[in-house]
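Results of the structural survey
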Amino acid sequence: MAKKVVATLKTGKGKEYSKVITMVKSPKTGAYSFKEIMAHNDHVKDAIAVAKAANQ
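First, a word on scope: everything that follows refers to the structure included in this document. By convention here, each chain's residues receive numbers from 1 onward along its written sequence. At least 70 in pLDDT is required for a residue's local features to be given in this predicted model, at least 80 for side-chain atom pairs to be given and counted, and no such filter applies to totals for whole chains, interfaces and linings, which use all residues. In computing side-chain values, all of the structure's heavy atoms are included and hydrogens and water are not.

In this text, helices come from DSSP runs of H or I with a minimum length of four residues, and strands from runs of E with a minimum of two, each type numbered from the N-terminal end. Of the regular secondary structure elements, the protein holds one helix and two strands. When the helices and strands of the protein are read in sequence order from the N terminus, they spell out β-β-α. Expressed as a percentage of contacts within the protein between residues at least 6 apart in sequence, the contacts between residues at least 24 apart total 27%. Each accessible area value is a Shrake-Rupley result obtained with a 1.4 Å probe; residue values ignore everything except the protein chains displayed when judging cover. On the protein, roughly 5,300 Å² of surface is accessible, and the fraction owed to carbon and sulfur atoms is 58%. Only heavy atoms enter the contact rule, under which two residues are in contact if any of them lie within 4.5 Å.

Written as structure tokens, this is what we have:
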């Protein structure tokens, strides 16, 4: 039986970061795409605000 490997960020300094996923609509085609960034937990709201401003 094969072992399942699970990678987590729960060890060490990884607890201090979160993955922020934002949806971006292309003005040319109207299609949606997703942008992923790793942000420090203190700066998650800032990262979302920057993504919203860039999308408009």
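Definition used for salt bridges: Asp or Glu carboxyl oxygen within 4 Å of a side-chain nitrogen of Lys or Arg. What the rule picks out here adds up to one salt bridge. Glu36 serves as the salt-bridge partner of Lys19, at 3.5 Å between the closest nitrogen and oxygen. Placement of Lys19 in strand 1 (residues 17-25) and of Glu36 in strand 2 (residues 32-40) is noted, with a sequence separation of 17 residues between them. A 1.4 Å probe rolled over the protein chains alone gives each residue an accessible area, and that area as a share of the maximum for its type sets the label: buried under 20%, exposed over 50%, partly exposed in between. A residue is classified by how much of its surface remains accessible, and Lys19, at 52% relative accessible area, is exposed.

The next point concerns a nonpolar patch on the surface. Residues form patches when they are more than 30% accessible in relative terms and have no salt bridge. Like charges link within 9 Å. Nonpolar side chains (Val, Leu, Ile, Met, Phe, Trp, Tyr) link within 5 Å. Among the surface-exposed residues, Ile21, Met23, Tyr32 and Phe34 lie close enough to one another that they form a single nonpolar patch of about 470 Å² accessible area. Where the nonpolar patch is concerned, the elements lending two or more residues are strand 1 and strand 2. The topology assignment puts Phe34 in strand 2. Overall, Phe34 belongs to the exposed group, its relative accessible area being 59%.

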